Amino acid sequence: MPEGHILHRLARLHRRRFAGAPVAVSSPQGRFESGAATVDGRPLTRAEAWGKHLFHHYAGGAIVHVHLGIYGHFTEFPLFGDGAGVPEPVGQVRMRMIGAEYGTDLRGPAACEVVDEAQAADVIARLGPDPLRGDADPALAFKRIAKSRRTIAALLMDQSVLAGVGNVYRSEVLFRHQIDPYRPGTDIGEPEFAAIWADLVALMKVGLRRGNIVVMRPEDDHGAPAYAPGKPRTYVYRRAGDPCRLCGTAVRTAELEGRNVFWCPSCQT
């Protein structure tokens, strides 16, 4: 599932390529046909991300709400010759947007729907603070964590506690701060959480800027291979059984509330 920085990159890209002008919106697949007809031809006024949710705001008040889920993704393409270069849809395209110079196809989202301002506000109200938003209040997240006996690893992935943090950032930030993923939220002190929050803000801003997850400190990154070709070099994520990059202990993994968590049993005590 894409982590929050990907949604913020998409919002920034869509603002740059589509905002301020009418957008042709269609649903080649047909599953978003009525929603597409609602906003087709209207100017896109802005695009914004909250955690893993993307909102396209159109003139007149209609909003397209997208959640990519596990399989959803956008494919961008340039246009040539007054639209003559628009490619035929390939696969199950839920939503197609065509602007003056670019188009984009959305495939496989968990949600793609037209909502109004009140409905969008309801979605946002269910989310915790987003480290990539300037208006985020980390105190709200700590208040929920400090009252919970759930593990800190589960709480960091709970979108009602923190919005936008996924499995990579969750596992890596806990390693970077030497915190056992099974510690309950009630055992996390406010200074510890403040350090975690500041680190997430910094790491996710790098991801937003570069489009890649970068979690290893320069002094620890000795060119060791990533867990798979084209993937980020990580301390523990997807490295179960491999030696810890700091102490050499075998990295462990276990299922925690439906997702695999990764940690070093020696460093994270």
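Conventions we followed
Residues numbered from 1 in each chain as written. Predicted model: local features only at pLDDT ≥ 70, side-chain atom pairs only at ≥ 80, totals over all residues. Heavy atoms only, no water. Buried < 20%, exposed > 50% of the residue type's maximum accessible area, 1.4 Å probe, protein only. Helix = DSSP H or I, 4+ residues; strand = E, 2+ residues; numbered from the N terminus. Contact = heavy atoms within 4.5 Å. Pairing = 2+ DSSP bridges. Axes fitted to C-alpha atoms, helices over the stretch in contact; angles between N-to-C directions. 1 Å grid on protein atoms, 1.4 Å probe; cavity = no way out; pocket = protein on both sides within 12 Å on 5 of 7 lines; lining within 4 Å. Points joined across faces, edges and corners; volume = space filled by probe spheres on them. Nonpolar A, V, L, I, M, F, W, Y, C, P; charged D, E, K, R; others polar. Salt bridge = Lys/Arg side-chain N within 4 Å of Asp/Glu carboxyl O. UniProt positions renumbered as here; feature names shortened; annotations may be inferred. Core = buried A, V, L, I, M, F, W, Y, C linked by side-chain atoms within 4.5 Å. Polar contact = N/O pair within 3.5 Å; in protein donor to acceptor, adjacent residues only side chain to side chain.

### Overview of helix 6 (residues 167-176)
- Of all 10 residues in helix 6, 10 are buried; the element is thus mostly enclosed.
- Every buried residue belonging to helix 6 is among N167, V168, Y169, R170, S171, E172, V173, L174, F175 and R176, and all of these are buried.
- In this structure, the buried side of helix 6 is in contact with helix 1 (4-18), helix 5 (152-157), helix 7 (190-210), strand 9 (252-256) and strand 10 (259-263).
- Directly after helix 6, the chain includes Q178, whose backbone phi takes a positive value near 55 degrees.

### Some remarks on the sheet that holds strand 3 (residues 53-58)
- If you trace the four strands from one edge of the open sheet to the other, you get 2-3-4-8, paired in antiparallel fashion. Of all strands in the sheet, those with a lone pairing partner are strand 2 (44-50) and strand 8 (111-115), marking the two edges. Going from strand to strand, the sheet's axes swing by 15 degrees on average, the running direction of each strand aside.
- The sheet contact formed by strand 3 and strand 4 (residues 63-67) spans five bridges and is antiparallel. The residue of strand 4 that forms the bridge with H56 is V64.
- Here helix 3 (residues 117-125) sits on the sheet in contact with strand 2, strand 3, strand 4 and strand 8, set at roughly 160 degrees to strand 3.

### Concerning the layout of surface pockets
- Each pocket or cavity is described by its volume, and for the largest pocket that value is around 470 Å³.
- V168, I213, Y227, K231 and P232 are the residues nearest the centre of the largest pocket, which is lined by 20 residues in total.
- Among the elements of the structure, helix 1 and helix 6 are those that each provide at least two residues to the lining of the largest pocket.
- In terms of residue class, the lining of the largest pocket is built from nine nonpolar, six polar and five charged.
- Approximately 200 Å³ is the volume found for the second largest pocket.
- Going through the elements one at a time, helix 3 and helix 4 (138-146) are the ones with two or more residues in the lining of the second largest pocket.
- Across the lining of the second largest pocket, the residue classes break down as seven nonpolar, one polar and five charged.

### Re the pattern of salt bridges
- Taken as a whole and assessed by the stated rule, the structure comprises 11 salt bridges.
- A salt bridge links R107 to D105; its shortest N-O distance comes to 3.8 Å.
- Relative accessible area serves as the criterion here: at 3%, D105 is assigned to the buried category.

### Structural notes on the UniProt feature "domain: FPG-type" (unreviewed entry) in the chain
- Sites flagged by UniProt as "domain: FPG-type" (unreviewed entry) map to residues 235-269.
- As annotated, residues 235-269 comprises 0% helix and 29% strand, and the C-alpha atoms at either end are separated by 16 Å.

### Observations regarding the nonpolar core
- Counting residues in hydrophobic clusters, the biggest one holds 40 residues, and the most contacted among them are L162 and Y169.
- Broken down by secondary-structure element, the contributors of at least two residues to this core are helix 4, helix 5, helix 6, helix 7 and strand 10.
- The leading source of residues in this core is helix 7, at eight residues.
- In contact with L162, not counting residues within four places along its chain, are G128, P129, A141, L156, W197 and L200.
- In this structure, F32, A49, V66 and C112 belong to the second largest nonpolar core, which totals 23 residues.

### Considering unusual backbone geometry
- Unusually for a residue other than glycine, R238 sits at a positive phi of about 60 degrees.
- Inspection of the secondary structure puts R238 in the loop between helix 7 and strand 9.
- Here R238 falls in the partly exposed class, since its relative accessible area comes to 48%.
- With phi around 50 degrees, E257 is a residue other than glycine that occupies positive phi space.
- Examined against the element boundaries, E257 turns out to sit in the loop between strand 9 and strand 10.
- Using a relative accessible area of 52% as the deciding quantity, one classes E257 as exposed.

### Examining the side chain of R133
- Turning to its location among the elements, R133 is positioned in the loop between helix 3 and helix 4.
- Looking at R133, its side chain comes within polar contact range of the main-chain oxygen of A49, at 3.0 Å.
- Within the structure, R133 has its side chain in polar contact with the side chain of D135 (distance 3.1 Å).

### Some remarks on the sheet that holds strand 1 (residues 24-26)
- Pairing is antiparallel in the open sheet, where four strands are placed in the order 1-6-7-5. Of all strands in the sheet, those bounded by a partner on one side alone are strand 1 and strand 5 (73-78). If you compare each strand with its neighbour and ignore which way they point, the axes differ by 15 degrees on average.
- One ladder, built from three bridges, connects strand 1 with strand 6 (residues 93-98); its direction is antiparallel. Within strand 6, the residue paired with A24 across the bridge is I98.
- The strands touched by helix 1 are strand 5, strand 6 and strand 7 (102-107); relative to strand 5, the strand with the most contacts, the crossing angle is about 30 degrees.

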